[in-house]
Amino acid sequence: MAGRMVRSCVQTALKAVNSVVELAGMAVILYALWMLRAWYREVAHLDQRLPVPWFIYTFLGLGIFLCLLTCSGHIAAETANGHCLSCYMIVVFVLIILEGAITVDVFLNTNWEEDFPPDPSGNFNEFKDFVRSNFEICEWIGLSVVAAQVLSIILGMVLRTLGPDLETDYDSDDDAVVPARLPLLRNQSQHGYAEPNTSRRSDSWKLRILDKVRCFWSPDKCFPLALTTF
C-alpha cells in the first residue's frame, strides 16, 4: 500500500514538472506563429522573394519539440515503463547539454552573433534586444525551465526504480473464478463410475459364451448345470 502511494506521488510530481516545460513550449509556439504572421504580412507587400526566416522556423520547431517531449513524458509517467522512461531521460539530458552549450557560447564568446546566419526577418535582433532589456525576467524563466528538466530526470530515475504497479493484476488473478472447469470434473467423475459397469458386462457376456460352447460339446453336462443355475 505504501509503495502505491509513493509511486502515485512520484507520477504526479513528474506530470507537474512536465507541465511547466509544456507551458514554455506552448509559449514558444505562439510567439513563433505571431512572428510568422507578421513576416508574411511584410512579404506580401514586396514583389521580390526573400530568404527563409530561419529564426522563426527554429523557434517554431523548438516549441513543437518541447510539446512532443512533454507528451512522451506524460505517457512514461502514467505507464511507468522502464524503456519509455529511459528514452525520455536521455532526450531531456541531451537537450540540457545543448542548452548549456549555447549559454556558454553566448556568455564567453564576444562574437557569438557571427555563429548564426543572418536573419532576413529581423526578429532575431528584436528578440536579442528584448532579452537584454528584460534580462532578469528572462534569466528566471530560463532557470525555471532548466530546473524543471533536471527534476524530470531525477523523478524519472526514481519512478524507473520503483517500476510499474503490478499489484492490481495479482489481486484480480486471485479473485478470478473459473466456472468452466466444473463440467470437466463432472464428466471425468461420470466416466470413472462407468468403467466398472462396462467391465462387469463384458465378463458376464464371456461367461455366457463359454456356457454355450460347453453345452454344445457335452449336452449331458449342460442339463445339471442348467438345474443348478435355476
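Residues numbered from 1 in each chain as written. Predicted model: local features only at pLDDT ≥ 70, side-chain atom pairs only at ≥ 80, totals over all residues. Heavy atoms only, no water.

Using the following cut-off: UniProt positions are given in the numbering used here, feature names are shortened, and annotations may be inferred rather than shown by experiment.
With an unreviewed UniProt entry as reference, the protein chain is termed Tetraspanin, source organism Digitaria exilis. Quoted straight from UniProt, the Subcellular location (unreviewed entry) entry for the protein chain says "Membrane".

## As for the UniProt feature "transmembrane region" (unreviewed entry) in the protein chain
Stated precisely, the cut-off is as follows: Secondary structure elements follow DSSP: runs of H or I of four or more residues count as helices, runs of E of two or more count as strands, with numbering from the N terminus.
The sites that UniProt annotates as "transmembrane region" (unreviewed entry) are residues 12-34, 54-75, 87-108 and 140-159. Helix makes up 100% of residues 12-34 and strand 0%, with an end-to-end C-alpha separation of 33 Å. Split by type, residues 54-75 is 100% helix and 0% strand. Its first and last C-alpha atoms lie 31 Å apart.

## A look at the packing of aromatic side chains
Going by this rule: When the centres of two rings from Phe, Tyr and Trp lie within 6.5 Å, Trp using its six-membered ring, the rings pair. Their planes under 30 degrees apart give stacked, over 60 give edge-to-face, and anything left gives tilted. Burial classification: accessible surface area is computed with a 1.4 Å probe over protein chains only, and a residue below 20% of its type maximum counts as buried, one above 50% as exposed, and the rest as partly exposed.
In the structure shown here, the tally under the stated rule is 14 aromatic pairs. When the ring of Trp 54 is compared with that of Phe 55, the centres are 5.9 Å apart and the planes differ by 90°; the resulting orientation is edge-to-face. Between Phe 55 and Phe 124, the aromatic rings sit 5.5 Å apart at their centres with planes inclined by 70°, giving edge-to-face as the arrangement. Here Phe 55, found in helix α2 (residues 54-79), pairs with Phe 124, found in helix α4 (residues 123-133); they are 69 residues apart in sequence, far enough to count as distant. When its relative accessible area of 13% is taken as the criterion, Phe 124 is described as buried.

## What to know about helix α5 (residues 135-162)
Operational definition: For a helix, the expected span equals 1.5 Å multiplied by the number of residues minus one.
Under the 1.5 Å per step criterion, the end-to-end length of α5 is 40 Å for 28 residues, consistent within 8% with the ideal 40 Å. Along α5, the residues classified as buried are Val 145, Ala 148, Gln 149, Ser 152, Ile 153, Leu 155, Gly 156 and Leu 159. Taken from the residues just after α5, Gly 163 is the one with a positive phi, measuring 80°.

## Thoughts on a nonpolar patch on the surface
Rule in force here: By definition, no residue in a patch forms a salt bridge, and every one has over 30% relative accessible area; like charges are joined within 9 Å, nonpolar side chains (Val, Leu, Ile, Met, Phe, Trp, Tyr) within 5 Å. The Shrake-Rupley method, run with a 1.4 Å probe sphere, supplies the accessible areas, and residue values consider only the shown protein chains as cover. Between Lys or Arg on one side and Asp or Glu on the other, a salt bridge is scored when a side-chain nitrogen of the former is within 4 Å of a carboxyl oxygen of the latter.
Together, Val 6, Val 146, Val 150, Leu 151, Ile 154, Val 158 and Leu 162 line one region of the surface with nonpolar side chains, adding up to about 500 Å² of accessible area. Top contributing element to the nonpolar patch by residue count: α5, with 6 residues. Within the secondary structure layout, Leu 162 lies in helix α5. For Leu 162, a relative accessible area of 35% puts it in the partly exposed group.

## Describing the environment of Phe 116
Here is the rule: Contacts are residue-level and defined by heavy atoms, with any inter-residue pair within 4.5 Å sufficient.
By the secondary structure assignment, Phe 116 is in the loop between α3 (82-108) and α4. Looking at Phe 116, the relative accessible area reads 30%, which means it is partly exposed. In this structure, the C-alpha to C-alpha distance between Phe 116 and Phe 55, residues 61 residues apart in sequence, is 9.5 Å. Not counting the four nearest positions on each side in its chain, Phe 116 is found in contact with Trp 54 and Phe 124.

## Remarks on the state of the cysteines
When the sulfur atoms of two cysteines share a covalent bond, that bond is a disulfide. Condition: We call a pair of cysteine sulfur atoms a disulfide whenever their separation is within 2.5 Å.
This model, assessed by the stated rule, comprises 0 disulfides. Of all cysteine sulfurs, the one in Cys 67 lies closest to Cys 71, which takes part in no disulfide; the gap is 6.8 Å. Under the relative-accessibility criterion, Cys 71 is labelled partly exposed at 37%. Free of any disulfide, Cys 84 has its nearest cysteine sulfur in Cys 87, 6.8 Å distant. Since its relative accessible area comes to 33%, Cys 84 is described here as partly exposed.

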